[in-house]
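Single-letter residue listing:
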Amino acid sequence: VEVSQYRAVVGVKAALPALEAVGLNNWTYDVYASHSASTGDDSRQGISQERLDLSLNTSRIIGTGANTQIVCGNGNDGCVPVNLFAPNLYQLGGGEFTKAEADYLFVMREMNTKVAQTVANGFIAGDLFTLPWNEETVPLVLGAEFRRDRIATDANDIATQGGLHNYFTDGGADGARELKEYFTEME
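Every value quoted in this text rests on a predicted model; they were computed, and no experiment measured them.

(A) View of the side chain of Ser48. Within the element layout of this structure, Ser48 appears in the loop between strand S2 (25-47) and helix H1 (49-58). Judged by relative accessible area, which is 4%, Ser48 ranks as buried. Ignoring any residue separated from it by four or fewer positions in sequence, one finds Ser48 in contact with Leu105, Val107 and Gly163.

(B) Structural view of the pairing of S2. Pairing of strand S1 (residues 2-15) with S2 involves 14 bridges; the strand directions are antiparallel. Bridge pairing in S2 links Tyr6 to Ala37.

(C) Inspection of unusual backbone geometry at higher detail. With phi around 60°, Asn26 is a residue other than glycine that occupies positive phi space. Along the chain, Asn26 turns up in strand S2. A relative accessible area of 53% means that Asn26 is categorised as exposed. With a phi close to 60°, Asn166 is a non-glycine residue in the positive phi region. Note on placement: Asn166 falls in the loop between helix H3 (157-160) and strand S7 (175-186).

(D) Fine view of the sheet that holds S1. If you walk across this open sheet you meet the five strands as S1-S2-S5-S6-S7, and the pairing is antiparallel. Only two strands of the sheet have a single neighbouring strand rather than two, namely S1 and S7. Sheet twist, expressed as the average angle between the axes of neighbouring strands with direction ignored, equals 10°. Direction of pairing for S2 relative to strand S5 (residues 106-130): antiparallel, over a ladder of 21 bridges. Among the inter-strand pairings, Asp41 is bridged to a residue of S5, identified as Asn112.

(E) Inspection of the state of the cysteines at higher detail. The final tally for this structure, using the stated rule, is one disulfide. Here Cys72 is linked by a disulfide to Cys79, with a sulfur-sulfur distance of 2.0 Å. Sign of the S-S torsion, about -115° for the bond between Cys72 and Cys79, identifies this disulfide as left-handed. Here the two residues Cys72 and Cys79 agree in accessibility, since each one is buried.

(F) Seen up close, the side chain of Arg109. In this structure, Arg109 sits in strand S5. With a relative accessible area of 1%, Arg109 lands in the buried category. Filtering out sequence-adjacent residues up to four positions away, Arg109 remains in contact with Asp42, Ser43, Arg44, Asn156, Ile158, Ala159, Leu164, Tyr167, Phe168 and Asp170.

(G) Spotlight on the packing of aromatic side chains. Applying the stated criterion across every chain yields a total of two aromatic pairs. On the numbers, 6.0 Å between centres and 70° between planes, the contact of Phe97 with Phe106 is edge-to-face. On the numbers, 4.7 Å between centres and 20° between planes, the contact of Tyr167 with Phe168 is stacked. For Tyr167, a relative accessible area of 28% corresponds to the partly exposed category. A relative accessible area of 47% places Phe168 in the partly exposed class. The lysine or arginine in question, Arg51, covers the ring of Tyr104, its NZ or CZ lying 5.6 Å from the ring centre.

(H) Just the environment of Gln45, in detail. Considering the arrangement of structural elements, one finds Gln45 in strand S2. What makes Gln45 exposed here is its relative accessible area of 54%. For the pair Gln45 and Cys79, spaced 34 residues apart in sequence, the C-alpha to C-alpha distance is 19 Å.

About the criteria used
Residues numbered from 1 in each chain as written. Predicted model: local features only at pLDDT ≥ 70, side-chain atom pairs only at ≥ 80, totals over all residues. Heavy atoms only, no water. Helix = DSSP H or I, 4+ residues; strand = E, 2+ residues; numbered from the N terminus. Buried < 20%, exposed > 50% of the residue type's maximum accessible area, 1.4 Å probe, protein only. Contact = heavy atoms within 4.5 Å. Pairing = 2+ DSSP bridges. Axes fitted to C-alpha atoms, helices over the stretch in contact; angles between N-to-C directions. Disulfide = S-S within 2.5 Å. Phe/Tyr/Trp six-rings, centres within 6.5 Å; stacked < 30°, edge-to-face > 60°. Lys NZ or Arg CZ within 6 Å of the ring centre and 35° of its normal.

Any functional reading would require information beyond the geometric quantities listed.
Listed below in structure tokens is the structure:
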């Protein structure tokens, strides 16, 4: 698995002293935007379930005597007979398929996933007015946020069809969503 990611953020925060002329004190604003994106690659080697099934289900002995052969498939599909009882598979420390068996059985499951998020947020805050009975200041915050999330997966046929032996089907995820939020707060 290999993942790369980046994030960029830019923002501005400042006071608004000009609003004091109309009786609004201590007003400020804060605005920012960010964008982040990542790309992940996942690749793993495994045994092709389809090829293993073809080899095991169609293996047969042809010929007699010195001309005896073990074959599988239809003769044109590249099938290699796999002997799951061969002594080379059961060795101390682990065995191995023959080169021909390994070349036939092992395939790569590959997925690439891209995720991106864009956010824009801003708010304005300050003192709205003073209560006449106790001189308490009433602050106000007004704001909004926009967010867009995206994901896209590119998977090979081995991944989307569940082609690895004892491994799941995974077509990944593709889609996007947008959220718009507005908020206010008073005390």
